[in-house]
Amino acid sequence: MARAFLFVLDSFGIGGAADAERYGDTGSNTFGHIAQACTEGRADREGLRKGPLFVPNMLSLGLGQAAKTATGFCFDSGGLLASAFHGAAQEVSSGKDTPSGHWEIAALPVRFDWGYFPDTVPAFPAELTEAIIREGEVPGILGNCHAPGTEIIERFGEEHVRTGKPICYTSVDSVLQIAAHEVHFGLERLYEFCKVVRRLVDPLNIGRVIARPFIGETAASFERTHNRRDYSVPPPEPTLLDRLTARGSRVIAVGKIGDIFAHRGISEVRKAAGNMAMFDKALGAMDDAGDGDLVFANFVDFDTEFGHRRDVAGYAAALEAFDRRLPEALARLKAGDLLILTADHGNDPTWHGTDHTRERIPVIGTGPGFGGDIGLRTTFADIGETVAEHLGLARGRHGTSFYAEIGGHA
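Worth saying up front: this structure is predicted, and the values here are computed from it rather than measured. For every chain, the first residue of its written sequence is number 1, and the numbers climb from 1 along that sequence. Residues qualify for local features only when their pLDDT is at least 70, as the model is predicted, and side-chain atom pairs are given and counted only at 80 or more; totals for whole chains, interfaces and linings, by contrast, use all residues. Side-chain numbers here rest on the full set of heavy atoms in the structure, without hydrogens or water.

Before going further, it helps to examine the overall build of the protein chain. The helix and strand inventory of the protein chain stands at 13 helices and 14 strands. By its C-alpha atoms, the protein chain is 60 × 50 × 40 Å across when sized along the principal axes. Here the protein chain holds 410 residues, and the buried ones make up 62% of them. Residues are treated as being in contact if the distance between any of their heavy atoms lies within 4.5 Å. When contacts within the protein chain are restricted to residue pairs at least 6 apart in sequence, long-range pairs at least 24 apart make up 69% of them. For accessible areas, the Shrake-Rupley method is used with a probe of radius 1.4 Å. Any residue's cover is judged against the shown protein chains and nothing else. Carbon and sulfur atoms make up 51% of the accessible area of the protein chain, which amounts to about 15,000 Å² in all. In this tally Asp and Glu are treated as negative and Lys and Arg as positive; neither His nor the chain ends contributes. By convention, the point assigned to a charge is CZ for Arg, NZ for Lys, CD for Glu and CG for Asp. Positive and negative charge centroids in the protein chain, built from 41 and 55 side chains respectively, lie 2 Å apart. Strands here mean DSSP runs of E at least two residues long; helices mean DSSP runs of H or I at least four residues long; both are numbered from the N terminus. To sort residues, take the accessible area from a 1.4 Å probe on protein chains only and compare it with the maximum for the residue type: under 20% means buried, over 50% means exposed, and anything in between is partly exposed.

This is the structure in structure tokens:
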């Protein structure tokens, strides 16, 4: 029996990207800087956490060794599981965005350049804004700028409720985000509006349109809900997911994985609110997976709740909470199973701004009979090709499997 489980800790980079300077991110290191802040007492928060970062289970899978491979950063690792393998990977895709990272993990690097909106006010071309208003049948839009999601809802939420104008904003990523009130604007209406905008931004090669619903009645009480929905460009070639479903295997997507791949190559979607509820869904998917199946899970809170909000203590606490649950996943591994933990980009909560950071990612994991050091991989696509070989697929066009290096046998 061969099954694969791919868990993405969204934004948990480990620094050292060779091209970080191009993105203004030289020196960023999500894991390293969180660990350093914890050691120095800068991530202590009463009632939440205190002291050095405590993630013994991820360290037993080689997180410390992966960090050393990526940057030379040394973290007291303790003992390794005999079946653990570890390394780091460098992204070759354009950008430092969610689709780029996930598609490359699924063995399809993004070789083209995404479209972006300038950091100006207004950020959107006038003709696009006019088309959004006309074809979306709204009285106008608010925002039209670069902004963090929670901040722009505080700024424009009350006017949005009063006028019915959706809040449209962007960032350094290839994205157009739309915030609207679940009740006053309507959740289904927001989704339909986003579909219209998705079509309108296609000629601009924008990676994602994201619905950002919220509730509350005043700036002080507005709160984003977990009914977010991403409308992504479909991958331009078959990914690992397409290859698996084409041969009859199941791909169970946990979290926003389905949205990221425009629901292509996805057999089933399981969603929940929050990392711990998502972990429950991932465990259930592990229980249900059969021979040849892949469970692909994204744990988004690291990015949305803590990375973008530059919340070091919150990020550290979330890592520790995830780590405490990890033995539950390890206990479900059977002969023929492969578990990989990785990330899609960085989001260093100590860094300037509120956006993603260009970093290398950890590639750590385990499974009965596996183990070894895979070094520094030159593309995230090596992860996807390793999963492909483990599940008995023919070699794809991108990436090089490290299956033999960890003791696997096709």
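Looking now at the sheet that holds strand β9 (residues 251-254). Pairing between the strands of a sheet is mediated by backbone hydrogen bonds and can be parallel or antiparallel. One open sheet accounts for 8 strands, arranged β10-β9-β11-β1-β12-β13-β2-β14; its pairing is mixed. Since the sheet does not close on itself, it has two edges, and those belong to β10 (268-270) and β14 (372-377), each with one partner. Averaged over all pairs of adjacent strands, the angle between strand axes in this sheet comes to 15 degrees, irrespective of strand direction. For strand β2 (residues 84-89) and strand β13 (residues 361-366), the ladder comprises 6 bridges, and the chain directions are antiparallel. Bridging across to β13, His 86 finds its partner in Ile 364. Packing of helix α13 (residues 381-390) onto the sheet brings it into contact with β1 (3-9), β11 (294-299), β12 (337-342), β13 and β14, and relative to β12 it is tilted by some 170 degrees. What makes two strands pair is DSSP finding at least two bridges between them. Think of each axis as a best-fit line through the C-alpha atoms, taken over the contacting stretch in the case of a helix, with angles from 0 to 180 degrees between the N-to-C directions.

Bringing the nonpolar core into the picture now. In this text, buried Ala, Val, Leu, Ile, Met, Phe, Trp, Tyr and Cys residues form a nonpolar core when linked through side-chain atoms within 4.5 Å. Phe 7, Met 58, Leu 294, Phe 322 and Leu 341 are the most contacted members of the largest nonpolar core, which totals 89 residues. With 9 residues, the single largest contributor to this core is helix α12 (residues 312-330). Discounting chain neighbours no more than four positions away, the residues touching Leu 294 are Ala 4, Phe 5, Leu 6, Leu 240, Leu 241, Leu 244, Arg 250, Val 251, Ile 252, Val 387 and Leu 391.

In this section: the pattern of salt bridges. Here, a salt bridge means any side-chain nitrogen of Lys or Arg that lies within 4 Å of a carboxyl oxygen of Asp or Glu. Tallied over the full model, the rule gives 31 salt bridges. With a shortest N-O distance of 2.9 Å, Arg 199 and Glu 135 are connected by a salt bridge. Taken as a pair, Arg 199 in helix α7 (residues 182-201) and Glu 135 in helix α5 (residues 126-136) lie far apart in primary sequence, 64 residues in all. When its relative accessible area of 32% is taken as the criterion, Glu 135 is described as partly exposed. Measuring nitrogen to oxygen at the nearest pair gives 3.0 Å for the salt bridge that ties Arg 397 to Glu 237.

What follows concerns the pairing of β9. Taking every second residue as pointing to the same face, both faces of β9 are buried, with Val 251 and Ala 253 on one and Ile 252 and Val 254 on the other. As paired strands, β9 and β11 are joined by 4 bridges and run parallel to one another. Paired with Val 254 across the two strands is Ala 297, which belongs to β11. Where β9 and β10 come together, 3 bridges link them in parallel fashion. The residue of β10 that forms the bridge with Val 254 is Arg 270.

Let us now look at the packing of aromatic side chains. Side-chain rings of Phe, Tyr and Trp (the six-membered ring for Trp) are treated as a pair once their centres are within 6.5 Å; stacked means planes under 30 degrees apart, edge-to-face means over 60, and tilted covers the remaining angles. If you walk through the whole model with that rule in mind, you get 20 aromatic pairs. Judged by centre distance (5.6 Å) and plane angle (75 degrees), the rings of Phe 12 and Phe 31 are edge-to-face. With a gap of 19 residues between them, Phe 12 in the loop between β1 and α1 (30-39) and Phe 31 in helix α1 connect regions that are remote in the sequence. Neither residue differs from the other here; Phe 12 and Phe 31 are each classed as buried. Cluster of aromatic residues (ring-pair linked, three or more members): Phe 7, Phe 279, Phe 299, Phe 302, Tyr 315 and Phe 322. Just above the ring of Phe 185 sits the side chain of Arg 189; from NZ or CZ to the centre is 4.0 Å. To sit over a ring, a charge needs its Lys NZ or Arg CZ within 6 Å of the ring centre and within 35 degrees of the ring normal. The ring of Tyr 191 carries the charged tip of Arg 229 above its face, separated from the ring centre by 3.8 Å.

Using only the protein atoms, space was sampled on a 1 Å grid; points where a 1.4 Å probe fits but cannot get out form cavities, open sets with protein on both sides within 12 Å along at least five of seven lines form pockets, and lining residues are those with an atom within 4 Å of a point. Grid points are joined across faces, edges and corners, and a volume is the space filled by probe spheres set on the points. What the largest pocket holds in volume is close to 600 Å³. Around the largest pocket, the lining comprises 31 residues; the ones closest to its centre are Arg 212, Thr 225, His 226, Asn 227 and Arg 228. Those elements that place two or more of their residues in the lining of the largest pocket are α6 (149-163), β6 (208-215), β7 (223-224), β8 (229-232) and α11 (301-307). Only Asp, Glu, Lys and Arg are considered charged, only Ala, Val, Leu, Ile, Met, Phe, Trp, Tyr, Cys and Pro nonpolar, and every remaining residue, Gly among them, polar. Looking at the lining of the largest pocket residue by residue, the classes come out as 10 nonpolar, 8 polar and 13 charged. Its volume calculated, the second largest pocket comes out at about 440 Å³. Lining the second largest pocket are 29 residues, and of these Ala 147, Pro 148, Gly 149, His 308 and Thr 354 lie nearest its centre. Of all elements in the fold, only α6, β4 (167-170), β5 (175-181), β6 and α11 reach the threshold of two or more residues within the lining of the second largest pocket.

Turning our attention to helix α10 (residues 275-288). Multiplying 1.5 Å by the residue count of a helix minus one yields the expected span of that helix. Taking 1.5 Å per residue as the helical rise, α10 with its 14 residues ought to reach 20 Å, and the 20 Å between its terminal C-alpha atoms agrees with that figure. Residues of α10 that are buried include every one of Asn 275, Met 278, Phe 279, Ala 282, Leu 283, Ala 285 and Met 286, and no others. Buried residues of α10, viewed axially, fall in a sector of 160 degrees; they line one side. Those residues of α10 hidden inside the fold are in contact with β1, β9, β10, β11, α11 and α12. Each direction from the helix axis to a C-beta atom contributes to the arc, which is the arc of those directions.

Bringing α12 into the picture now. Given 3.6 residues per turn, any residue in an α-helix points the same way as the ones three and four places further on. Taking 1.5 Å of rise per residue, the 19 residues of α12 would be expected to cover 27 Å, and the 27 Å separating its terminal C-alpha atoms lies within 8% of that figure. A bend of about 30 degrees at Arg 324 is the largest found in α12, and the proline Pro 327 appears one to four places after it. By the criterion of burial, α12 is predominantly enclosed, with 15 of the 19 residues buried. At any given residue, the bend is defined as the angle formed between two axes, one fitted to the seven residues that end at that position and one fitted to the seven that begin there.

When you line up the elements, Thr 170 lands in strand β4. Looking at Thr 170, the relative accessible area reads 0%, which means it is buried. Sequence-distant contacts of Thr 170, defined by excluding residues within four places in its chain, comprise Phe 117, Ala 123, Phe 124, Cys 145, His 146, Ala 147 and Val 175.

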